[in-house]
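Overview (structure and organization)
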Amino acid sequence: MIFNLTDVLMGLAGGLLIGAAAALLLLANGKIAGISGIVSRTVRQASNDRPETIAFIAGLIGAPALYGLLVAPPDISITQNPALIVAGGIIVGLGTVLGNGCTSGHGVCGVSRLSMRSIIAVCVFMAVAVLTTVFLRPVVGG
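Everything numeric here is computed off the predicted structure, so don't read it as measured data. (Residues numbered from 1 in each chain as written. Predicted model: local features only at pLDDT ≥ 70, side-chain atom pairs only at ≥ 80, totals over all residues. Heavy atoms only, no water.)

**Structural notes on the side chain of T96**
Tracing the backbone through its elements, the reader meets T96 in helix 4 (residues 82–98). Ignoring sequence-local partners within four residues, the contact set of T96 consists of S36, G101 and C102. (Helix = DSSP H or I, 4+ residues; strand = E, 2+ residues; numbered from the N terminus. Contact = heavy atoms within 4.5 Å.)

So this is what it looks like as structure tokens:
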């Protein structure tokens, strides 16, 4: 692994933007910036904050797309196996329901508020991610 200052600075800028967006959402209307909760509320019900949640979701999708157009497409790879993509999506969705939130809500907002529930949730997320990688990497490659 080679140290790349540009990667570090881009990660720092992204982290600052995520933190600022989460803080702004919390200060503006008292809502936690948990992506699964925001998407779920926006899809399931029409609420008073619907325009800003739609803008939040549009920013989540639009910012990386804009970066890809203006700077460079991200160097990522994803499996070409549709069954794995669908299975992964279903498992992540079930996990956010069981965990009562996602990594953004628990990891970014909950841990910063020293929520014990969020700290435990993040520890579980990370442990499962490590185990999944260790056991599935030899099966699916990578």
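Okay, back to it.
**Side note on unusual backbone geometry**
Non-glycine residue L114 carries a positive phi angle of around 55 degrees. Along the polypeptide, L114 turns up in the loop between helix 5 (103–112) and helix 6 (116–140). On the basis of relative accessible area, L114 is assigned to the exposed category, the value being 68%. (Buried < 20%, exposed > 50% of the residue type's maximum accessible area, 1.4 Å probe, protein only.)

**Observations concerning helix 6**
When the terminal C-alpha atoms of helix 6 are compared, their 35 Å separation across 25 residues agrees well with the 36 Å that a helix rising 1.5 Å per residue should span. At V134, helix 6 shows its maximal kink, close to 30 degrees; a proline, P138, follows between one and four residues later. (Expected span 1.5 Å × (residues − 1). Bend = angle between axes of the 7 residues up to and from the residue.)

**Structural notes on the nonpolar core**
Core analysis: the biggest nonpolar cluster contains 7 residues, these being A22, L25, A33, I38, F56, I57 and C109. Once residues lying within four places of it in the same chain are set aside, the contact partners of I57 are I38, V39 and T42. (Core = buried A, V, L, I, M, F, W, Y, C linked by side-chain atoms within 4.5 Å.)

**Thoughts on the layout of surface pockets**
Taken as a whole, the largest pocket spans an internal volume of roughly 1100 Å³. Surrounding the largest pocket, 29 residues form its lining, G88, I91, V92, A129 and T132 being those nearest its centre. Of all the elements in the fold, those that place two or more residues in the lining of the largest pocket are helix 4 and helix 6. The class makeup of the residues in the lining of the largest pocket is 16 nonpolar, 12 polar and 1 charged. (1 Å grid on protein atoms, 1.4 Å probe; cavity = no way out; pocket = protein on both sides within 12 Å on 5 of 7 lines; lining within 4 Å. Points joined across faces, edges and corners; volume = space filled by probe spheres on them. Nonpolar A, V, L, I, M, F, W, Y, C, P; charged D, E, K, R; others polar.)

**Details of the confidence of the model for the chain**
On average, residues of the chain score 83 in pLDDT, and 94% of them reach the 70 mark or higher. Within the chain, no element has a lower average pLDDT than helix 2 (residues 35–44), which sits at 77, and none a higher one than helix 6, at 87. (pLDDT = per-residue confidence, 0-100.)

**Focus on the environment of T42**
Relative to the elements of secondary structure, T42 occurs in helix 2. Given a relative accessible area of 9%, T42 falls into the buried group. Sequence separation between T42 and L136 is 94 residues, and the spatial gap between their C-alpha atoms is 33 Å.

**Re a nonpolar patch on the surface**
The grouping of F3, L5, V8, L9, L12 and L16 at the surface amounts to a nonpolar patch, some 630 Å² of accessible area in total. With respect to the helices and strands, the residue L5 is situated in helix 1 (residues 5–29). (Patch = residues over 30% accessible without salt bridge, like charges linked within 9 Å, V, L, I, M, F, W, Y side chains within 5 Å. Areas by Shrake-Rupley, 256 points an atom, 1.4 Å probe, with all protein chains shown as cover. Salt bridge = Lys/Arg side-chain N within 4 Å of Asp/Glu carboxyl O.)

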